[in-house]
Amino acid sequence: MEGSWDVHKDPPALPGGCFFLGRRKVKTLVTGGAGYIGSHTAKLLARAGFEPITLDSLNTGHRCAAKWGPFVQGDLADFKLLREVIGAYEIQAVIHFAAHAYVGESMRNPRKYFRNNVVNTLNLLDAMVDTNVKHIIFSSTCATYGVPQEVPIPEHHSQSPVNPYGESKLFVERALNWYGQSYGLRWTALRYFNAAGADPEGEIGEEHDPEPHLIPRAILAALGQIPFVEIYGSDYPTPDGTAIRDYIHVTDLAEAHYLALANILGGGESTALNLGTGKGHSVREVIAAVERTSGCRVPVREAKRRAGDPQCLVADGTKARQLLRWEPHHSSLDEIIETAWKWHASRYDVPARARPGRVTLGAHGGTGQNASAD
Ligand SMILES: NC(=O)c1ccc[n+]([C@@H]2O[C@H](COP(=O)([O-])OP(=O)(O)OC[C@H]3O[C@@H](n4cnc5c(N)ncnc54)[C@H](O)[C@@H]3O)[C@@H](O)[C@H]2O)c1
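Residues numbered from 1 in each chain as written. Predicted model: local features only at pLDDT ≥ 70, side-chain atom pairs only at ≥ 80, totals over all residues. Heavy atoms only, no water.

Undergrad: Can you help me understand the site of the ligand in this one?
TA: The full set close to the ligand counts 29 residues, and Asp-56, Thr-60, Phe-97, Tyr-165 and Lys-169 are the nearest of them. Here an oxygen atom of the ligand and a side-chain polar atom of Asp-56 are 2.6 Å apart. A distance of 2.7 Å separates a nitrogen atom of the ligand from a polar side-chain atom of Asn-116. If the ligand stood free it would expose 830 Å²; the protein chains cover 96% of that surface. (Near = heavy atom within 4 Å. Polar contact = N/O pair within 3.5 Å; in protein donor to acceptor, adjacent residues only side chain to side chain. Areas by Shrake-Rupley, 256 points an atom, 1.4 Å probe, with all protein chains shown as cover.)

Spelled out as structure tokens, the structure:
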């Protein structure tokens, strides 16, 4: 079921246009499509002319975020359901987001991660093989690399995860390789760095409960919704002592999924790609940016480094740029924070002190303290 076009010569226009295989829009199963990255991707897929069908247990996702195409509430653990959904919607390709995704929780409860991220993903792959669906984009992570030996991190860097979450994702990457060799599955593993920001049109954003990620936590602290944001480690050998991460806007991630899917549907080889900007920001920089955008002070609390938290994770994103002709357009730290702030502020009664421009920051423009990376 290869497409008749060549994506490198003739990529479908974005936004708008229609993405056909033969005479039909490509029906794409989006597992975890009610979650943060999945919902942004479903929105972009629909706009790009695919037909997204969301399957989500609503374990951490939100029904209201799944509004681009049909929605099925269900769990990847249900093998029969997977086969039925693939058959009923005549699924032609899969983008697989559904997973548990918290490093810290995976250290405390690894079985939860291996069960969902490995066993349930194998269910999905088997259902695809049984129903002859051959194309999958997989949400992988920079956590598969472990502690980097070189930065920026290229795809050929050794993969030695230092937590069960990263291990579970690495297992799936390896399974994809063998399913590709034995069953003809064509795949792309997208290794995200730190997803951040919100839909520039303000329709959807990041909403986890509890929220573990730095940027939304800093915003929630600015809004007075949580008392402070933690700073995990202020003694790293980095310029300001706090950990450095590569933040990539969720809309740029969504676009990479669309391009990666178009690539393999057009006959591209299976491969793994880093998705990041190649530029790192320290925790202090992130907090200062939230204070600049919000006009509010962000209360912080310092804590020890977390086990397995590398000092610096920054992507070498050359391969994705070359192969997919992908460019992150929304991933300046300011745009990330502005879109995230807009999304969060719209959802809360913003107290007077939290209205942009109402609070005067100190001369340093930041908290003068450290925080932790995601
Ligand atoms: N957020 C990041 O910075 C980041 C970084 C690297 C990789 N990832 C990966 O990206 C993917 C999406 O992450 P996210 O931040 O959007 O997380 P999320 O929790 O917002 O979304 C995951 C979605 O999957 C659903 N889900 C989980 N298990 C399921 C199951 N067994 N059956 C059906 N649905 C299930 C959840 O209900 C949720 O809607 C995950 O695979 C994650 O590991 C995320």
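Undergrad: Please explain helix α6 (residues 214-222) as it appears in this structure.
TA: Burial analysis of α6 places nine of its nine residues in the buried class, which makes it a mostly covered element. Among the residues making up α6, those that are buried are Leu-214, Ile-215, Pro-216, Arg-217, Ala-218, Ile-219, Leu-220, Ala-221 and Ala-222. Looking at the buried positions of α6, the neighbouring elements they touch are β9 (194-196), β10 (229-232), β12 (247-249), α8 (283-294) and α10 (333-347). Just downstream of α6, Gly-224 is the residue with a positive phi angle, here 80°. (Buried < 20%, exposed > 50% of the residue type's maximum accessible area, 1.4 Å probe, protein only. Helix = DSSP H or I, 4+ residues; strand = E, 2+ residues; numbered from the N terminus. Contact = heavy atoms within 4.5 Å.)

Undergrad: How should α10 be read in this particular structure?
TA: Residues that lie three or four places apart on an α-helix share one face, since the helix turns once every 3.6 residues. With 15 residues, α10 ought to run about 21 Å at 1.5 Å a step, and its terminal C-alpha atoms sit 22 Å apart, in line with that. Lining the buried residues of α10 we find β9, α6, β12, β14 (281-282) and α8. (Expected span 1.5 Å × (residues − 1).)

Undergrad: Please clarify how unusual backbone geometry should be interpreted in this entry.
TA: Among all residues save glycine, negative phi is the norm, and among peptide bonds the norm is trans. Here the bond from Val-151 into Pro-152 is cis, since omega is 0°, no more than 30 degrees from zero. Structurally, the position occupied by Pro-152 is in the loop between β7 (135-141) and α5 (164-183). Here the bond from Asp-209 into Pro-210 is cis, since omega is 0°, no more than 30 degrees from zero. If you trace the backbone, Pro-210 turns up in the loop between β9 and α6. One non-glycine residue with positive phi stands out, namely Asn-132, at about 65°. Examined against the element boundaries, Asn-132 turns out to sit in the loop between α4 (110-131) and β7. Unlike most non-glycine residues, Arg-325 shows phi in positive territory, near 55°. Secondary-structure assignment places Arg-325 in the loop between α9 (318-324) and α10.

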